[in-house]
Structures are given as structure tokens and as C-alpha cells.
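What follows is each chain in one-letter form.
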Amino acid sequence: MSCLVHALKIRVHTQKTREQLMKSPQEIAAAIQANIKANVDEHGLSIVHVMSDGENPSFAYTVGFTALGHPELIVFGLPPKYSQGMFNQYFKETTEGTRVPEVGLLTKVFNLPIYVVDAKPELSSEYTIQAEAFYKKPIKCRQVVLCDRNGKFAWDEDFDNHFTQPLLGAPN
């Protein structure tokens, strides 16, 4: 199974034609779901990227882990190429059996500490709309929490809050 998953980027480009921009919300949602289905069918995984609106950070999440019996993953604030690379690697290791999706401190991603927390469904469902539409039910999700440049997390005393990310769960 190829882990070179093409990311689904949800953003409107200025070069789109007037006709494309005039699609109904239902047509747009159907096109997004068709793209997710094609990626999951071909690769086992689709990655949804949502760009920042200027007030909220960008984020990315997976669609595909649920079919394997694992929670989906979400991360805030990473550029698409990094979140895509991280999710693809995590998916590859999970499907090869070399990684069991876990909660807690991980240090093998980008040589930086990251923390994976169980996301509260009432919080994560605000972000994982396309995954829930794909599975036609609420999903379980885990958040990949990034540290600041000093290796501190949002719940640490000396955390540099210059890098903001919503916390959808708490560390164990």
C-alpha cells in the first residue's frame, strides 16, 4: 500500500473560474467527500488540510485510521507538507505493525517531542467535520500537540504561548 497520500487542500484559489465558485454548498461537500473516498480507497488514508482564516490556526486531520480500529489524528499549526509527512509516516508504521497508536510523549517525529492526547469528542467534532461525514457517525480522535521552541507544552509552566494551538484534550 502506497503511503504517498495526496492531501486534500480546502481553500479557494483566486484562479478558479466563476462557475466553480458558484457551486452550491452541497456540491462542494460532495466533491470533498468524493476526494476523501478516492484517497481512502487508493491509499487507505486521506488528509484534510484546513487553512487559517486569520483568527484560527490552520489544522490537518486524517480520515482512514477509523477503518483500522484506531482514532483519527489532528494537528494544529503545521504547514501541510509537515503534517502530511507526519501522518503518512504514522499511517505506514501503523499498517506495517511497527507502531501501535498511543497516547503520551513521543520523540521520534521531526526529532522534537510531541504529545498525543485523546481529544474530547465535543471539541474535536468541531474540526473533524469531513471525517464524521465520511464515516456517517462521530469518530474518536487524538490530537498531536506540538511543543514550543524550548520543548515545553501548553500545560507546562514556562510555555511560550506565541505558538497557539487549541487543546482538545489533556495529557494523561
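Residues numbered from 1 in each chain as written. Predicted model: local features only at pLDDT ≥ 70, side-chain atom pairs only at ≥ 80, totals over all residues. Heavy atoms only, no water.

### Observations concerning unusual backbone geometry
The general pattern is negative phi for most residues beyond glycine and trans for most peptide bonds.
Here is step 1: Residues other than glycine seldom take positive phi values, yet K136 does so here, at roughly 60°.
Here is step 2: Of note, K136 is situated in the loop between helix 5 (129-135) and strand 7 (141-146).
Here is step 3: K136 sits in the exposed class, given a relative accessible area of 74%. (Helix = DSSP H or I, 4+ residues; strand = E, 2+ residues; numbered from the N terminus. Buried < 20%, exposed > 50% of the residue type's maximum accessible area, 1.4 Å probe, protein only.)

### Structural notes on the packing of aromatic side chains
Here is step 1: This structure, assessed with the given rule, holds 10 aromatic pairs.
Here is step 2: Their ring planes at 85° and their centres at 5.0 Å tell us that F76 and Y127 sit as a pair that is edge-to-face. Taken as a pair, F76 in strand 4 (residues 72-76) and Y127 in the loop between helix 4 (121-124) and helix 5 lie far apart in primary sequence, 51 residues in all.
Here is step 3: Taken together, a centroid distance of 5.0 Å and an interplanar angle of 85° make the contact between F134 and Y135 edge-to-face.
Here is step 4: Taken together, F59, Y61, F76 and Y127 form an aromatic cluster joined through their ring pairs. (Phe/Tyr/Trp six-rings, centres within 6.5 Å; stacked < 30°, edge-to-face > 60°.)

### Details of helix 2 (residues 25-43)
Here is step 1: In this model helix 2 runs 27 Å from its N-terminal to its C-terminal C-alpha over 19 residues, within 8% of the 27 Å that 1.5 Å per residue would give.
Here is step 2: Looking at helix 2, one finds that the buried residues are I32, Q33, I36, N39, V40 and H43. Buried residues of helix 2 fall within an arc of 125° about the axis and therefore sit on the same side. Away from the buried face of helix 2 by more than 90 degrees, exposed residues Q26, D41 and E42 are located.
Here is step 3: Phi turns positive, to about 90°, at G44, one or two residues after helix 2. (Expected span 1.5 Å × (residues − 1). Arc of directions from axis to C-beta.)

### Here's the deal with the confidence of the model for the protein chain
Here is step 1: Looking at the protein chain, the pLDDT average stands at 84 and 85% of residues meet or exceed 70.
Here is step 2: When mean pLDDT is compared element by element in the protein chain, strand 3 (residues 59-63) scores highest at 97, while strand 1 (residues 7-10) scores lowest at 36.
Here is step 3: Across residues 1-16 the pLDDT falls below 50, and counting only partners more than four positions away or on other chains, this stretch makes 37 contacts in the model. (pLDDT = per-residue confidence, 0-100. Contact = heavy atoms within 4.5 Å.)

### A word on the pattern of salt bridges
Here is step 1: Under the definition given, this model contains 3 salt bridges.
Here is step 2: For the salt bridge of K37 with D41, the shortest nitrogen-to-oxygen distance reads 2.6 Å. Of the two residues, K37 and D41 both sit in helix 2, 4 residues apart, roughly one turn of that helix.
Here is step 3: For K37, a relative accessible area of 44% puts it in the partly exposed group.
Here is step 4: For R149, the salt bridge goes to D160, with nearest N and O atoms at 2.7 Å. Placement of R149 in the segment after strand 7 and of D160 in the segment after strand 7 is noted, with a sequence separation of 11 residues between them.
Here is step 5: Relative accessible area serves as the criterion here: at 69%, R149 is assigned to the exposed category.
Here is step 6: What makes D160 partly exposed here is its relative accessible area of 21%. (Salt bridge = Lys/Arg side-chain N within 4 Å of Asp/Glu carboxyl O.)

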